[in-house]
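Here is what each chain is made of, one letter per residue.
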Amino acid sequence: MKIVPLGPPGVGKGTLAKKISENFQIPHISTGDIFRRLAEEGDPIGAKARDEYWGHGNLVPDEITNELVRITLAKPEYRENFILDGFPRTRDQAEALDTFVGDYIPLLLTASDQTIRTRILNRLTCSNKDCEGIYNSVTKVPKYARKCDCGSELIRRKDDNKKALPIRMAEYQKNSPGVLAYYGGRVLEIDAEQSSEKIYQEVINLFS
Ligand SMILES: [Zn+2]
């Protein structure tokens, strides 16, 4: 099972990926993880991406991002299964991904702008990078205040705020039509207005 969730920020890609990953033991990778891991491993392009771009808060250029995704997906642990989160963001990236791996399913999660806004502005994320716990101060309240079930502190992501939201949405609205046009009928669409549990069930039904 190779799944590539698509959709606007905050629509629930991370939550879905975590559930599938835990229940089916499928590795979940995001571009952020890819950047960090290859830099730590001393991969020359990975180190360059950190030292010249993301380490300073700058966007990693497409050609470097593509190369890092290519290197990662060539690792044996991703040969059979993976959930790739945060890539492709552009049509060029989608075309590149097709040259790295063929048999994956682009899965589009859709929800209204209002739903996305509410989800992002109330989102709480586990501070432990290995945990990936995601909560919501309205719809998925943590058992203990500001604490993940794993015991680590819950934090707000730096870009989950009213100021950054319109910028992130505009970026998505600019690039996603090209990605979706490129994939055309290959995309499976899921109504992400539903609860995360129902979204998960619907996805599982699609794959079983
Ligand atoms: Zn946690």
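Computed from a prediction, not measured in an experiment: that's the story for all the values here.

Draft legend 1. Representation of the overall build of the chain. Looking only at helices and strands, one finds eight helices and eight strands in the chain. Across its three principal directions, the C-alpha atoms of the chain cover 40 × 40 × 35 Å. Going through the 208 residues of the chain one by one, you find that 46% of them count as buried. Accessible area of the chain: about 11000 Å², with a carbon and sulfur share of 51%. Of the charged side chains in the chain, 30 are positive and 30 negative, and the gap between their average positions amounts to 6 Å.

Draft legend 2. Layout of the packing of aromatic side chains. Enumeration over the complete set of coordinates arrives at two aromatic pairs. Seen in terms of ring centroids, Tyr104 and Tyr183 are 6.0 Å apart; in terms of plane orientation they differ by 80°. Their pairing is edge-to-face. Of the two residues, Tyr104 sits in the loop between α5 (91-100) and β4 (105-110) while Tyr183 sits in helix α7 (residues 164-183), which places them 79 residues apart along the sequence. With relative accessibility at 3%, the residue Tyr183 sits in the buried group.

Draft legend 3. Inspection of the coordination of the zinc ion at higher detail. Summarising the metal site, the zinc ion is bound by the protein donors Cys126 (SG), Cys131 (SG), Cys148 (SG) and Cys150 (SG), whose distances to it range over 2.2 to 2.3 Å. The site at the zinc ion holds four donor atoms, and with the angles between them running 104 to 113°, its shape is tetrahedral. The sequence pattern formed by the donor residues of the zinc ion is C-x4-C-x16-C-x1-C. Cys131 shares its class with Cys126; the two are buried.

Thresholds applied
Residues numbered from 1 in each chain as written. Predicted model: local features only at pLDDT ≥ 70, side-chain atom pairs only at ≥ 80, totals over all residues. Heavy atoms only, no water. Helix = DSSP H or I, 4+ residues; strand = E, 2+ residues; numbered from the N terminus. Buried < 20%, exposed > 50% of the residue type's maximum accessible area, 1.4 Å probe, protein only. Areas by Shrake-Rupley, 256 points an atom, 1.4 Å probe, with all protein chains shown as cover. Lys, Arg positive; Asp, Glu negative; His and termini not counted. Charge placed at Lys NZ, Arg CZ, Asp CG, Glu CD. Phe/Tyr/Trp six-rings, centres within 6.5 Å; stacked < 30°, edge-to-face > 60°. Donors = N, O, S within 2.8 Å, 3.2 Å for Na, K, Ca; no water. Tetrahedral: all angles 85-135°; square planar, octahedral: opposite > 155°, others 65-115°.

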